[in-house]
Amino acid sequence: MVTVSDVFDFINQIAPFETQESWDNSGLLIGSRTSAVRKIAVCLDVTNDTVSKAHDFKADLLVSHHPVIWDPLKSVLSDSPVFRAIQNGMSIVSAHTNWDFADGGVNDVLAALLGLSDVHRLREEGDLSMPRVGELKVPVPANEFAEVVAETLDTVVRLSSPDKMIKKVAVCGGSGASFMRDIAADGIDAYITGDAKHNDFLDAAELGLSLFAAGHYETETVSMPVLMSLLKKEFPDIEYAYLESSPCCFIG
């Protein structure tokens, strides 16, 4: 019999929870280590929608990227995902920044999907080990590569310096704009992340860096089927479901 503890321990092997950022809240957030697991649902975000889908699937365990509990809770009301998961007897394990840092995790998946070669960490230690750096086969204008990014991730891309020729590229899924100056200092041509503010694009242009904002959800959700496939390989007798959870859509 597979238990929540077995699944937690496996994720801990491939993406150690101790590597998560100090402000993060990854781990077993709802449920019991000893609970039996016959069905696992995987998603990026734990919402009422994904909890309902997981319940319809009869999942014993929901594995998410973003933690279902982030800030301290002052109440747990009946219309919240936390209440509904507990009510349904569902355990939840969230693997957030530990999966961002992990070999084969969010950023390695993103780099591979975008066709980068010679991929390595920006730095070997600390926060700067999260972004990955690689190269395109041939230099291309940033706006041409933006089309590749948009098609690959099924997203809309905002970018600075669209005419810049790029070859050396850094990636970091989600909210990675804080790494921008360190990336530019390494002579990297382009940086692809999920979220960026208006002033980030202005700063990137001044730094000589082409900054791509390709969507928080879109740059991270691509890694969750990979995590699910690793779970499938380790626990082949479990049934699995991947749950889409995007909170927005594109019009026009």
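Keep in mind the model is a prediction, meaning the values are calculated, not measured. (Residues numbered from 1 in each chain as written. Predicted model: local features only at pLDDT ≥ 70, side-chain atom pairs only at ≥ 80, totals over all residues. Heavy atoms only, no water.)

Draft legend 1. Region of the structure containing the pairing of strand β6 (residues 132-141). The pairing of strand β5 (residues 117-121) with β6 spans three bridges and is antiparallel. In the strand pairing of β6, serine 117 is matched with glutamate 135. Direction of pairing for β6 relative to strand β8 (residues 165-172): antiparallel, over a ladder of six bridges. Bridge pairing in β8 places proline 141 opposite methionine 165. (Pairing = 2+ DSSP bridges. Helix = DSSP H or I, 4+ residues; strand = E, 2+ residues; numbered from the N terminus.)

Draft legend 2. Highlighting the packing of aromatic side chains. A complete count under the given rule lists four aromatic pairs for this structure. Ring centres of phenylalanine 8 and phenylalanine 17 lie 4.5 Å apart, and the angle between their planes is 5 degrees; on these two criteria the pair is classed as stacked. Phenylalanine 17 carries the same exposure label as phenylalanine 8, and that label is buried. Measuring from centroid to centroid gives 5.9 Å for phenylalanine 10 and phenylalanine 235, while their planes differ by 85 degrees, and the two rings are edge-to-face. (Phe/Tyr/Trp six-rings, centres within 6.5 Å; stacked < 30°, edge-to-face > 60°. Buried < 20%, exposed > 50% of the residue type's maximum accessible area, 1.4 Å probe, protein only.)

Draft legend 3. Summary view of the sheet that holds strand β11 (residues 239-243). As summarised here, the arrangement of the five strands in space is β1-β4-β3-β2-β11, forming an open sheet in which the pairing is mixed. Since the sheet does not close on itself, it has two edges, and those belong to β1 (27-30) and β11, each with one partner. Going across the sheet, the axis of each strand differs from the next one's by a mean of 25 degrees, ignoring polarity. Of the pairings in the sheet, the one linking β1 to strand β4 (residues 91-94) comprises three bridges and is antiparallel in character. Looking at β4, one finds that glycine 27 is bridged to serine 94. Sheet contacts for helix α2 (residues 48-56): β2 (39-43), β3 (61-64) and β11; angle to β11, the most-contacted strand, approximately 155 degrees. (Axes fitted to C-alpha atoms, helices over the stretch in contact; angles between N-to-C directions. Contact = heavy atoms within 4.5 Å.)

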